[in-house]
Amino acid sequence: MTIVPSSLEERGRILRELGFTTRRVGEELHGRAEITPEMHVPGTTVLRTSVLATWADTVSGLPASLVMGPRVPVTLELDVGLYRPAPGTGEVRAVGRTVKVGRSVFVAEFEFGVDAEPIALGAASFMVAPDPDVQLPPRLSVELPATAERLPMPLAERARCERVAPGTVVLPRTMEGLNASDTVNGGLIALAAEEAVLSLAPGDTLSFLGLRYLLGARVGPVVAEARLHEGLGRIELRDSGNDNRLTTLATARTFGG
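Just so you know, these numbers come straight off a predicted model, no measurement behind them.

**Q** Can you explain unusual backbone geometry? Please cite residues and give values.
**A** Cis rather than trans, the peptide bond between Gly 220 and Pro 221 has omega equal to -5°. Note that Pro 221 resides in the loop between β9 (206–213) and β10 (222–229). At Asp 243, a residue that is not glycine, the phi angle is positive and equals roughly 55°. You can call Asp 243 exposed: its relative accessible area is 65%.

Here you go:
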């Protein structure tokens, strides 16, 4: 999830540059952000599904921090499904709602819309990070204020997420892409999965992205390898610097499929 300790200015900077702000509205967490060209799928004017996944992680994960804090919640599963290709302009509005608060797992659902039209929905689950020494900031707020930071270049380029072969993507571990548990942020993992699939389907976009986070990527670089058949893709993401351990399993479907 996207939590940025104030003591480490560089940590999570890439995700802050997406311009997502949040505020509590009753029992819900509302978010909003303006779509910029740097968030588009390459070769299109469509907002990346991985950007929606990043914002979904935030709008559902921040409420989890209120329940699990001061321990850090980590994402177990996250699924985003789109009704149609996302627009390339406008203001995205998100709503996150708590579904279940268990002793070990927190579950939330979320919806996205642009200009009052629904574009996507999904759900996410979280657990407490295994390391008890990893703690949230003492004054963590679920309300993220607006900042002047914005992506200076396309998201994949900004994250140094590189397509090295059809179906294969490499994502380095950098301070600017870390979360509160010192692992590669789940939103950038989603980006790598998306890029791996789209490298096999140029010009297409994702109608669905599902992520199963198995292990934090602590060393890097992360290598994502995808295979795609009739629009349905399976992606393995591994921490190549940590004995090539499997960190995430992802499933994706393209609109063209």
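Right, picking up where we left off after that structure.
**Q** Give me the lowdown on the layout of surface pockets, citing residues and values where you can.
**A** For the second largest pocket, the calculated volume is near 450 Å³. Considering the residues around the second largest pocket, the lining is formed by 30 residues, among which Val 74, Ser 181, Thr 183, Leu 215 and Gly 216 are closest to the centre. Among the elements of the structure, β3 (73–82), α4 (186–198) and β12 (245–254) are those that each provide at least two residues to the lining of the second largest pocket. In terms of residue count, β3 provides more of the lining of the second largest pocket than any other element does, 4 residues in total. Split by residue class, the lining of the second largest pocket holds 17 nonpolar, 10 polar and 3 charged.

**Q** Outline the environment of Leu 29, supporting the account with residue identities and numerical values.
**A** Looking at the secondary structure, you find Leu 29 in strand β2 (residues 28–34). Apart from the residues lying within four places of it in its own chain, the contact partners of Leu 29 are Thr 22, Arg 23, Arg 24, Thr 58, Val 59, Leu 62, Pro 63, Ala 94, Val 95, Gly 96 and Val 142.

**Q** Break down the packing of helix α2 (residues 49–68) against α4 for me, citing the residues and quoting the values.
**A** Two elements in contact, α2 and α4, have axes whose closest approach is 8 Å; the angle formed by their N-to-C orientations is 160°. With respect to α4, the axis of α2 lies roughly antiparallel. Considering only the axes of α2 and α4, their crossing is right-handed. When α2 is examined against α4, the residues Thr 49, Ser 50, Ala 53 and Thr 54 are found in contact with a partner set consisting of Gly 187, Ala 190, Leu 191 and Glu 194. Of the residues assigned to the contact of α2 with α4, the class counts are 3 nonpolar, 4 polar and 1 charged.

**Q** Report on the side chain of Thr 205, specifying residues and quantitative values.
**A** If you trace the backbone, Thr 205 turns up in the loop between α4 and β9. We classify Thr 205 as buried; its relative accessible area is 6%. The contact partners of Thr 205, leaving out residues within four places of it in the chain, are Val 41, Thr 44, Val 46, Pro 85, Leu 198, Arg 253, Thr 254 and Phe 255.

**Q** Can you break down the sheet that holds β12 residue by residue, with the values?
**A** The strand order across the open sheet formed by 12 strands is β1-β2-β4-β5-β6-β3-β9-β12-β11-β10-β8-β7, and the pairing between neighbours is antiparallel. Across the chains shown, the open sheet's two edge strands, defined by having one partner strand only, are β1 (21–25) and β7 (162–165). For this sheet, the mean angle separating the axes of adjacent strands, direction not counted, is 20°. The pairing of strand β8 (residues 168–171) with β10 spans 4 bridges and is antiparallel. Paired with Leu 171 across the strands is Val 222, a residue of β10.

**Q** Requested: an account of α4, with residues and values cited.
**A** Helix length check: α4, at 13 residues, gives a terminal C-alpha distance of 18 Å against a target of 18 Å (1.5 Å per residue), a fit within 8%. For α4, a buried count of 13 out of 13 residues is recorded, marking the element as mostly surrounded by other parts of the structure. Where α4 starts, the residue carrying a side-chain oxygen 2.8 Å from the main-chain nitrogen of Gly 187 turns out to be Asn 185.

**Q** Break down the pairing of strand β4 (residues 91–101) for me, with residues and values.
**A** Bridge count between β2 and β4: 6 bridges; the pairing is antiparallel. Within β4, the residue paired with Leu 29 across the bridge is Gly 96. For β4 and strand β5 (residues 105–114), the ladder comprises 9 bridges, and the chain directions are antiparallel. Bridged to Val 95 within β5 is Glu 111. Linking two consecutive strands that pair antiparallel, namely β4 and β5, is a turn of 3 residues.

**Q** Account for the nonpolar core, naming residues and giving values.
**A** The biggest cluster of nonpolar side chains holds 65 residues, and the ones touching the most others in it are Leu 47, Leu 52, Trp 55, Val 80, Phe 112, Ile 235 and Leu 237. Ignoring sequence-local partners within four residues, the contact set of Val 80 consists of Leu 52, Ala 53, Ala 56, Phe 110, Ala 120, Leu 121, Ser 207, Phe 208 and Leu 209. In terms of nonpolar packing, the next biggest core, distinct from the first, is built from 5 residues, Val 72, Val 134, Leu 136 and Ala 180 among them.

**Q** Go over the pattern of salt bridges, please, and point to the residues and values.
**A** A side chain with one charge may pair with a side chain of the opposite charge, provided their charged atoms come close. Counting across every chain of the model gives 16 salt bridges. Here Glu 149 makes a salt bridge to Arg 16, at a shortest N to O gap of 3.2 Å. One end of the pair, Glu 149, is in the loop between β6 (117–128) and α3 (155–158); the other, Arg 16, is in helix α1 (residues 13–16), with 133 residues separating them in the sequence. Here Arg 93 ties to Glu 91 by a salt bridge, and the two come within 3.0 Å at their closest N and O atoms. On the accessibility criterion, Arg 93 (44% relative accessible area) is partly exposed. Of the residues examined, Glu 91 reaches a relative accessible area of 22% and is grouped as partly exposed. Several salt bridges converge on common partners, so that one network encompasses Arg 13, Arg 16, Glu 17, Glu 149, Arg 158 and Glu 176.

What counts, and at which threshold
Residues numbered from 1 in each chain as written. Predicted model: local features only at pLDDT ≥ 70, side-chain atom pairs only at ≥ 80, totals over all residues. Heavy atoms only, no water. Helix = DSSP H or I, 4+ residues; strand = E, 2+ residues; numbered from the N terminus. Buried < 20%, exposed > 50% of the residue type's maximum accessible area, 1.4 Å probe, protein only. 1 Å grid on protein atoms, 1.4 Å probe; cavity = no way out; pocket = protein on both sides within 12 Å on 5 of 7 lines; lining within 4 Å. Points joined across faces, edges and corners; volume = space filled by probe spheres on them. Nonpolar A, V, L, I, M, F, W, Y, C, P; charged D, E, K, R; others polar. Contact = heavy atoms within 4.5 Å. Axes fitted to C-alpha atoms, helices over the stretch in contact; angles between N-to-C directions. Parallel < 35°, antiparallel > 145°, perpendicular 65-115°, else oblique. Left-handed = near helix turned anticlockwise from the far one by under 90°. Pairing = 2+ DSSP bridges. Expected span 1.5 Å × (residues − 1). Polar contact = N/O pair within 3.5 Å; in protein donor to acceptor, adjacent residues only side chain to side chain. Core = buried A, V, L, I, M, F, W, Y, C linked by side-chain atoms within 4.5 Å. Salt bridge = Lys/Arg side-chain N within 4 Å of Asp/Glu carboxyl O.

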